[in-house]
Amino acid sequence: MTGQNDDDASSTPNGLLRSVLAAAVTGRADPVPADRPWPVLLRWTRYVGIGRLPYGFVVNVVGVALAIALAAGTNSLLATPQLVHFPPPAPPGPPVPMDRPDELVRLIVSIAVTLPLALRDRHPLGAWRISFVAMAVIPAGHWLTVPYIPAGTIVAIVCLYTVAVRCARDITIGVGLLSLAGVWIKDVRTAGGASVLLLLALVVGYAVRLRNTSRMQLAEQRRELAEQEKRHQAAEAVLTERQRIARELHDVVAHHMSMIAIQAEAAPYKVEAVPDETRKDLSEIRATALDALTEMRRILGVLRSEDGAETAPQPSLERLDELVAHARGAGLAVSTRLGGDLDGLPPGVGLTAYRILQEALSNAMRHAPGSRVAVAAVREDGILRLGVVNGPPGDGHVPTPSPGGTGHGLVGMRERVSMLGGEVTARATEDGGFAVNATLPVKARAAT
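Per an unreviewed UniProt entry, the protein goes by the name histidine kinase and belongs to Actinomadura violacea.

Structure representation (structure tokens):
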């Protein structure tokens, strides 16, 4: 609620005065929830069609209908002659008829005491204010044998309950104080029973508010836990993919560093007359390569799995035909468009390109079985452009649901491409398919 808090109510005189002022003028009720669920006890109404409508809409329609019915009943009650019996020791005699309001007054009174029922869901505090003023100024005792209009009493109790449910505690206290003062000023004889009724409505309403608040807090905590779990899974996916990338790049770089060290060591033996200066340079090259290899293994070794890293050569686009053949064997209609020198790619670029195409084709197999897939790999102007576009699933094919948790596919693609300074996009197509496009610089970009 704007500017209010359930813990702001105070037992001090100033606090009570603020509560009364908020109830009478400045206070505001909590907004109506956008999508209120049907109460458990009323969910059976779905079977008769009513429960399929929005709950808030049904509440307001019922409120208007009841207000009209109560207004009609109040108008009829005021039009009926009322007889008053004088209690002893009044002189005996026939009952004396009481005054009856004219038609216009009856209409105004009937609307005034029942209108709050139609407003109380959208404007609970405003509805109570209207009800309070109407019950205070309408001289029901001149026309009836009771000091209050019966329909107005029912509406007032409903409004008090709604205020306690939808307003902060300090406002509810102010409403209670004003209501108690009103019933004791209006009619002392019935003030005791009226006080019990209004306090009961306020207590029950506030208890419902506390229960709803607890449920909302619990739901909010569950949402926060779910969001934290998603963030944790995403971070874990990123970390896992980075570990995998680090291991693969380690294997690629380690191979070349080892070759440098071996060639630097063997070079002096290939030529008989090698200057001492050249031998010294080759020895330093070999030592530097071995030191770099050792340092890289020391830093990245912790990322390797406990059962040892893969020692097989890492795949590149040289194995693209094998990848496409596997996809065709799974039922995809794959067409390829290749261009440029794809055999001379640096190992890191070739590995990343292979993994991107592999993941995109795997996603097509799962989510669009039997579809047509266009695969493109073109190298031009120092840029390798990759694309995998699949259509909707083929006739008679059912997509395989994704496993629970956060997948590593798109996360891995972005991690791999970002490490090489490239870009990747993944989006749904207008025909119900999916498109993955990536650009990879063949040579590493200079650091800025």
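Would you mind going over the overall build of the protein with me for this structure?
Secondary structure summary: the protein contains eleven helices and seven strands in total. Evaluated residue by residue, the protein yields a buried proportion of 35% over its 448 residues. The long-range share in the protein, meaning contacts at least 24 apart out of those at least 6 apart in sequence, stands at 72%. Summed over all atoms, the accessible surface of the protein reaches about 26,900 Å², with 61% contributed by carbon and sulfur.

Is there a simple way to think about the environment of R166 in this case?
Relative to the helices and strands, R166 resides in helix 5 (residues 150–166). For R166, a relative accessible area of 10% puts it in the buried group. Once the C-alpha coordinates of R166 and L125 are considered, the two residues, 41 residues apart in sequence, prove to be 8.6 Å apart. Filtering out sequence-adjacent residues up to four positions away, R166 remains in contact with A29, D30, P31, V32, R120, D121, R122, P124 and R209.

Hey, could you run me through the UniProt feature "coiled-coil region" (unreviewed entry) in the protein in this one?
Residues annotated by UniProt as "coiled-coil region" (unreviewed entry) correspond here to residues 211–238. Secondary structure across residues 211–238 comprises 100% helix and 0% strand; the distance between its end C-alpha atoms is 40 Å.

What's the story with the environment of W38 in this structure? I'm lost.
Its place among the elements puts W38 in the loop between helix 1 (13–26) and helix 2 (55–79). Each C-alpha atom of the pair W38 and R52 lies 9.4 Å from the other, and the pair is 14 residues apart in sequence. The contact partners of W38, leaving out residues within four places of it in the chain, are R43, T45, I50, G51, L53, P54, Y55 and V58. Side-chain polar atoms of W38 contact the backbone oxygen of L53, separated by 2.9 Å.

Would you explain helix 2 in this entry?
Structural remark: α-helix, 3.6 residues per turn; residues separated by three or four positions point the same way. Spanning 25 residues, helix 2 covers 36 Å between terminal C-alpha atoms, matching the ideal 36 Å at 1.5 Å per step. Buried residues of helix 2: G56, V58, V59, N60, G63, A67, A71, T74 and L78, and no others. Against helix 3 (103–119) and helix 5 lie the buried residues of helix 2.

Can you help me understand the sheet that holds strand 3 (residues 333–339) in this one?
Strands pair in a sheet through their backbones, by hydrogen bonds, and they do so in one of two ways: parallel or antiparallel. Taken in spatial order, the five strands make up an open sheet running 3-4-5-7-6, and their pairing is mixed. This sheet does not close on itself; its edge strands, each paired only once, are strand 3 and strand 6 (423–428). Neighbouring strand axes in the sheet, compared pairwise and without regard to direction, differ in orientation by 5° on average. As defined by bridge partners, strand 6 adjoins strand 7 (residues 434–441) across six bridges and the pair is classed as antiparallel. If you follow R427 over to strand 7, its bridge partner there is A435.

It is not clear to me how the pattern of salt bridges should be interpreted in this structure. Could you clarify?
For side chains of opposite charge, pairing can occur when their charged atoms come near one another. Scanning all chains against the criterion turns up seven salt bridges. Two residues, R189 and D187, come together in a salt bridge whose shortest N-O distance is 3.5 Å. Classification of R189 as exposed rests on a relative accessible area of 75%. Of the charged contacts, one joins R319 and E322 as a salt bridge, the two residues approaching to 3.5 Å between their closest N and O atoms. Here E322 falls in the partly exposed class, since its relative accessible area comes to 47%.

Even after reading the chapter, I still don't get the packing of helix 3 against helix 5, so can you show me in this structure?
A pair of packed helices is characterised by two quantities: the angle between their axes and the separation of those axes. Two numbers describe how helix 3 lies on helix 5: the axes approach to 9 Å, and their chain directions differ by 30°. By the angle class used here, helix 3 and helix 5 are roughly parallel. Considering how the two elements wind past one another, helix 3 and helix 5 form a crossing that is left-handed. Between helix 3 and helix 5, the residues in contact are V113, T114, P116 and L117 and A151, G152, V155, V158 and C159, respectively. The residue makeup of the contact of helix 3 with helix 5, split by class, is seven nonpolar, two polar and no charged.

Could you clarify how one ought to interpret the side chain of S316 in this entry?
Summarising the element assignment, S316 is placed in the loop between helix 8 (276–300) and helix 9 (320–329). Classification of S316 as buried rests on a relative accessible area of 16%. Excluding residues within four positions of it along the chain, S316 makes contact with G350, L351 and Y354.

About the thresholds
Residues numbered from 1 in each chain as written. Predicted model: local features only at pLDDT ≥ 70, side-chain atom pairs only at ≥ 80, totals over all residues. Heavy atoms only, no water. Helix = DSSP H or I, 4+ residues; strand = E, 2+ residues; numbered from the N terminus. Buried < 20%, exposed > 50% of the residue type's maximum accessible area, 1.4 Å probe, protein only. Contact = heavy atoms within 4.5 Å. Areas by Shrake-Rupley, 256 points an atom, 1.4 Å probe, with all protein chains shown as cover. UniProt positions renumbered as here; feature names shortened; annotations may be inferred. Polar contact = N/O pair within 3.5 Å; in protein donor to acceptor, adjacent residues only side chain to side chain. Expected span 1.5 Å × (residues − 1). Pairing = 2+ DSSP bridges. Axes fitted to C-alpha atoms, helices over the stretch in contact; angles between N-to-C directions. Salt bridge = Lys/Arg side-chain N within 4 Å of Asp/Glu carboxyl O. Parallel < 35°, antiparallel > 145°, perpendicular 65-115°, else oblique. Left-handed = near helix turned anticlockwise from the far one by under 90°. Nonpolar A, V, L, I, M, F, W, Y, C, P; charged D, E, K, R; others polar.

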